[in-house]
Amino acid sequence: MKKKHWIKIAIFAALTALILLFASSLLCVANEKDAVGLYGFFLEPEDSIDVVLIGSSSIYTGFYSPLAYEQQGFTSYALSTSTMTAPLYRYAAELAIEKQHPQLLIFETWSFTYEDQQDETSLRKFLDALPDSELKQRAIREIVPEELQTSFRNPFEKYHSSWDRFGELLQVMQDKLQMKRQGYSVTKNFGTTPFRQPYLQRTTDYEVSESGFYYLQVLLDYLKEAEIENVLFIRCPDMVQYVGTDSYKRMIEMIRDAGFDFVNLSAAVEDIGVDIGHDYYNTTHFNVFGAEKFTTFLADYMMKRYRLRTDHDPAVLEEWDQCASRNQQILGYLEELTEQDANGFLYTQRDFLEPAF
Amino acid sequence: MTLTSLTFFAFVLAVLIVYYLIPKRLRWLVLLAASLVFYGLLALKSLPFILFTALSTWAGALWLGQVTRKRTQIWNEQKSGWDPAARKAYKKQTQKMKRRILALILVLNFGILAVLKYYDFVVEQINRNAGGHLSFLGILLPLGISFYTFQSMGYLIDIYGEKMPPESNPLRYLLYVTFFPQIIQGPIADYQKLAPQLYEGQDLRYENLKYGFQLILWGLFKKMVIADRLAVSLQSLLPVKDEISNAWQLLILLIYCAQLYCDFSGGIDVVRGVGGMLGIEMAVNFKRPFFSKGLAEFWQRWHISLCAWLRTYLLYPIAVSKPFLRFGNRIIEKSRSEQELPEDSLWGGFTFIQHLGRVLPGAIATLITFLIIGIWHGASWQYAGYGVWNGVILFFSMLLAPVFQWLIRRLHIQTESTGWKVWQILRTAVIVGLSFTFDIADGLMDALRMIGKCFTPVLGPTTHLGTAVDTGLAGADWGVVIAGLLIVFAVSLYQELTGRKVRESLNADSAWVSWVLTLGCLIAVVIFGMYGPGVASGEFVYMQF
Amino acid sequence: MEQFIANLKKIKRGVDFEKETSLIDDGLLKSFDVIQIIGMIDREYGIDVPPSQILPDNFNSARAMWDMMQRLED
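Below is a summary of the structure that appears in this document. (Residues numbered from 1 in each chain as written. Chains lettered and ligands numbered in written order. Predicted model: local features only at pLDDT ≥ 70, side-chain atom pairs only at ≥ 80, totals over all residues. Heavy atoms only, no water.)

1. Looking at the overall build of chain A
- A count of helices and strands for chain A gives 17 helices and nine strands.
- Taking 357 residues into account, the globule formula puts the C-alpha radius of gyration at 21 Å, and chain A, at 21 Å, falls close to it.
- Residue burial in chain A is summarised as follows: out of 357 residues, 57% are buried.
- By sequence separation, contacts in chain A at least 24 residues apart represent 84% of the contacts at least 6 residues apart.
- Carbon together with sulfur atoms contributes 50% to the accessible area of chain A, which is approximately 15,300 Å² in total.
- Mean positive and mean negative side-chain charge positions of chain A (33 and 53 charges, respectively) differ by 8 Å. (Helix = DSSP H or I, 4+ residues; strand = E, 2+ residues; numbered from the N terminus. Rg over C-alpha atoms; globule rule 2.2 N^0.38 Å. Buried < 20%, exposed > 50% of the residue type's maximum accessible area, 1.4 Å probe, protein only. Contact = heavy atoms within 4.5 Å. Areas by Shrake-Rupley, 256 points an atom, 1.4 Å probe, with all protein chains shown as cover. Lys, Arg positive; Asp, Glu negative; His and termini not counted. Charge placed at Lys NZ, Arg CZ, Asp CG, Glu CD.)

What follows is the structure, encoded as structure tokens:
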């Protein structure tokens, strides 16, 4: 065989590898919004975020970081994915501490009520969106069921069949590229549905599951050892009226015994100023109106309770000033759509700045 | 490890590297080691069986060779001193001895195959019909036994027929039997074509690597993108086939035809591609079978190596055996007439009796051969039915051939016209398609029922509008299947019309085209292939034989 | 030999047995025809053709068949 043949083989192999790499990064997306949102987290300069909020959808639909910055001056990011289950909390916390050393970590407690804490889809929404790292491998080993671990380590094995979502995935890639070019995410993982849910009376138990307790303990043990100044567990306000149960009380005890704080924000709906038939897009999630009020309240609460330091590098301040300067435009636009009950889930900068429909 | 698994590719890569690094004259040892490792990994417990077949055949062949040599020596020394009667007697004696040796080895090996394959079936029939209480063997068939047994017995019969001298090195013969690419689903090799390539180390050539690799990709495309996808659909449709309208039976058969062809021919392409990368050319097993214009032609284009084997070692021996020849010739002798019938008479220039005498030996032998093909596929009445369906149709088509010719002449049908050819192709496809009911039905009666339903598509349970039948695949998946089948059809059409190998024309034209298509095929397999968690990779259909 | 070719023509019409030299390879003779030819050889010439002799080389032309018959007579 001549030398040119070996070269041809090498080129072919290289081309194959390149194409597969591209295909992999394009296709290995569990959830579009989570992929974009977590990508934004990794774009933030290290040690620039003061508060990291961890939890499932109540967090990223209820809290708008640029607004909190505008009002109180501290930076924050919602490290939050859809149906985020409790086993992920501990790793999200570790990730947040490793990258940002925040002054305050906030955990939303609804995830401790899930029965199937190792639900594959929920785990994937977070883990598959992480770039490969020692932390990710450790998380896979420890919280992913044994039989699924290989397909978490080689996501392409599963996601190659996502070609039928090619259109949406191409959009995700475009969004990421745009964010990269800009250098940061403007909307900091915020997502919303422009809809006003009329008031529905619902009552149900707030029941913490056995596995929920288990992973809460794991989280608490980790936090006790970790270098973190402040930790706050919150319960978000919902349209649904939850009845506190024994397990709920036990959960609060556990948190406080470990030396951390818990606050029930659904008791503060009046102070927040929630307009129950207007501020939710369904019975468990704030729309943009509710998010603005909730953000205002919570940011103020955090500032008062923890006296967050707001000094940052000029580069960081510039980035956040840029984001905050769009608040009027973005929130105003979203408010308009919500008044129209336009519906549909919006989460990318594109959605927030141009007509999305 | 299946033929479409990463493990297999890693294995092949390792074998390739070692094979081409080792000095040329030792390369066959690499193949032998690889084949034994392969067999051990897949079916360690069955190893004794294949070793027995290889050893017994090798020894039997040597024995035959020795007998032939000794007797030829005696013959050459003595024949001038013998009269014709003595010569004939000596020949007969030699034949008798050789025949005994052949029979011994054949009975041993075919016996093992027959027992392992059919014992449980026979026991079941006895238990059910004669109230017996015999117990089952319950042994799993050794991997590839139907293939390697046939291959070895073919070798032995060739030695008996003095086609070539026996192989004296047992390890070399063992390689011929266990050669790993062919062990799972064939093709059944011809000794004189395969063995020399195996024993002689092959040079490392770029064309071999390239062509072989392209063939593997093409096979994977057919198997992983098309066949495995259709298999998913069949998994949804087959369980409910009795609850949906008869029209669906036709569709199910169509899907099955496509799935079986892509699965089997795809697997064979992978096998031949692996062989090709090792510089070894293996037998072609498929020649665009659905372009056949008749059932006989179909069996020259489908599972070619099996049919060639049966034709050489079963059909011909039976058809030209003394009893058969005498039977046919006696009929002809009895019906010799003075009058010469015109060529275009009903029976082609013969009387009916004469015609029978000429064709019956072949026709009956064909019928028997297809019965064997039927039960080769499986030990059950439905597979016997498969054999009967093919055998009977061919039997009567042979018998009535002159009548068809007469009809065609009378109706002035243009047999060279495209329209007629298309009709022939479609008609054959239908006959073949219907024969596949025996594969997928639950038993013989069910198969017959299915065939019946195909002729009455408007009958049967009506599927109400609104309750859609779950085909098991999403619309996008059907799009992929149909696109894939169109590609396969286009390629087949090209091959059929031009007789050229696509790979050759591909690589002869612009290099760009070749690169793009090869890369494209690879990417298509990787992205559209049915693999990964939640997809039970369909084992090759023919692996259980 | 002419009689032999005449017999061949009776078995398979429309084939030029005088000239063709790739009867098997070109698919002009099918296995079915070969069987009939062997039957004819046995019937008309009393020669026994064993299956091991059924090779393309022996049946590709009328001449090849004739030569095979000569060999088998020994």
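From this point, the narrative continues.
2. Notes on the overall build of chain C
- When you go through chain C residue by residue, the secondary structure sums to four helices and zero strands.
- Each helix (α) and strand (β) of chain C, taken in turn from the N terminus, gives the series α-α-α-α.
- Computed over its C-alpha atoms, the radius of gyration of chain C comes to 11 Å, within 12% of the 11 Å expected for a compact globule of 74 residues.
- Split into buried and exposed, the 74 residues of chain C put 47% on the buried side.
- The long-range share in chain C, meaning contacts at least 24 apart out of those at least 6 apart in sequence, stands at 54%.
- For chain C, the accessible area works out to roughly 3,600 Å², and carbon and sulfur atoms hold 44% of it.
- Looking at charge distribution, chain C has the averaged site of its 9 positive side-chain charges lying 7 Å from that of its 14 negative ones.

3. A look at the nonpolar core
All names here are of chain B.
- By size, the foremost hydrophobic cluster in this structure holds 146 residues, and its most contacted members are Tyr176, Phe179, Phe180, Leu198, Trp299, Trp302 and Phe436.
- Top element by residues in this core is helix α10 (residues 247–277). It accounts for 16 residues.
- When neighbours within four sequence positions are excluded, tryptophan 299 is seen to be in contact with Cys307, Phe370, Ile373, Tyr386, Asn390 and Leu394. (Core = buried A, V, L, I, M, F, W, Y, C linked by side-chain atoms within 4.5 Å.)

4. Description of the interface of chain A and chain B
- Of the residues lining the interface, 21 residues belong to chain A; the matching set on chain B comes to 21 residues.
- Across the interface of chain A and chain B, roughly 1,800 Å² is buried in total on both sides, 83% from carbon and sulfur atoms.
- The largest per-residue losses of area from chain A upon contact with chain B belong to Phe12(A), His160(A) and Trp163(A), which jointly make up 37% of the total buried on that side.
- The interface formed by chain A and chain B includes zero salt bridges.
- On the surface where chain A and chain B come into contact, there are four residue pairs in polar contact (both at pLDDT 80 or more). (Buried area = accessible area lost by both parts, 1.4 Å probe. Salt bridge = Lys/Arg side-chain N within 4 Å of Asp/Glu carboxyl O. Polar contact = N/O pair within 3.5 Å; in protein donor to acceptor, adjacent residues only side chain to side chain.)

5. Considering the interface of chain C and chain B
- Contacts between chain C and chain B engage 21 residues on the former and 27 residues on the latter.
- Of all residues in chain C, the largest losses of buried area upon contact with chain B belong to Arg13(C), Ile35(C) and Arg43(C), amounting jointly to 30% of the total for that side.
- On the surface where chain C and chain B come into contact, there are two salt bridges.
- The partner of Asp48(C) in a salt bridge is Lys322(B), with the nearest N and O atoms 2.5 Å apart.
- One can count five residue pairs in polar contact (both at pLDDT 80 or more) joining chain C with chain B.
- Breaking the side of chain C that touches chain B down by element, the ones donating at least two residues are α1 (2–11) and α2 (31–45) of chain C.

6. Let's talk about the environment of Leu317(A)
- You can see Leu317(A) is positioned in helix α15 (residues 314–325).
- Excluding anything up to four places from it in sequence, Leu317(A) contacts Tyr69(A) and His312(A).

7. Description of the pairing of strand β3 (residues 104–108) of chain A
Residue and element names in this part refer to chain A.
- Among the five residues of β3, five are classified as buried, and the element is accordingly described as predominantly covered.
- Going residue by residue along β3, you find Leu104, Ile106 and Glu108 tucked away on one face and Leu105 and Phe107 tucked away on the opposite face as well.
- Pairing geometry for strand β1 (residues 51–55) and β3, over four bridges, is parallel. Bridge assignment links valine 51 to a residue of β3, and that residue is leucine 104.
- Across five bridges, the pairing between β3 and strand β5 (residues 230–235) is parallel. (Pairing = 2+ DSSP bridges.)

8. Observations regarding the packing of helix α5 (residues 87–100) of chain A against helix α11 (residues 210–225) of chain A
Residues and elements named next belong to chain A.
- One way to put it is that α5 packs onto α11 with a least axis distance of 7 Å and a crossing angle of 20 degrees. The orientation of α5 with respect to α11, classified from their angle, is roughly parallel. Along the contact surface, α5 presents Pro87, Tyr89, Arg90, Ala93, Glu94 and Ile97, while α11 presents Tyr215, Val218, Leu219, Tyr222 and Leu223. (Axes fitted to C-alpha atoms, helices over the stretch in contact; angles between N-to-C directions. Parallel < 35°, antiparallel > 145°, perpendicular 65-115°, else oblique.)

9. Overview of the sheet that holds strand β2 (residues 76–80) of chain A
Residue and element names in this part refer to chain A.
- Across the sheet, five strands lie side by side as β2-β1-β3-β5-β7; this open sheet has parallel pairing. Of all strands in the sheet, those with a lone pairing partner are β2 and β7 (261–264), marking the two edges. Strand-to-strand twist of the sheet, defined as the mean angle between neighbouring strand axes without regard to direction, takes the value 20 degrees.
- With four bridges connecting them, β5 and β7 associate as parallel partners. Within β7, the position partnered with phenylalanine 233 by the bridge is phenylalanine 262.

10. Notes on helix α6 (residues 170–178) of chain B
Residues and elements named next belong to chain B.
- Along α6, the positions that sit buried rather than exposed are Tyr173, Leu174, Leu175, Tyr176, Val177 and Thr178.
- Against the buried residues of α6 lie α2 (27–43), α3 (47–78), α5 (145–160), α7 (180–183) and α8 (191–199).
- Measuring from the backbone nitrogen of leucine 171 back to the side-chain oxygen at the start of α6 gives 2.9 Å, which picks out asparagine 169 as the cap.

11. Observations regarding a nonpolar patch on the surface
All names here are of chain B.
- Together, Leu371, Val388, Val392, Phe396, Leu400, Phe404, Leu407 and Leu411 make up a nonpolar patch on the protein surface, roughly 650 Å² of accessible area in all.
- When contributions to the nonpolar patch are tallied by element, the ones reaching two or more residues are α15 (381–399) and α16 (401–410).
- Broken down by element, the residue count for the nonpolar patch peaks at three residues, all from α15. (Patch = residues over 30% accessible without salt bridge, like charges linked within 9 Å, V, L, I, M, F, W, Y side chains within 5 Å.)

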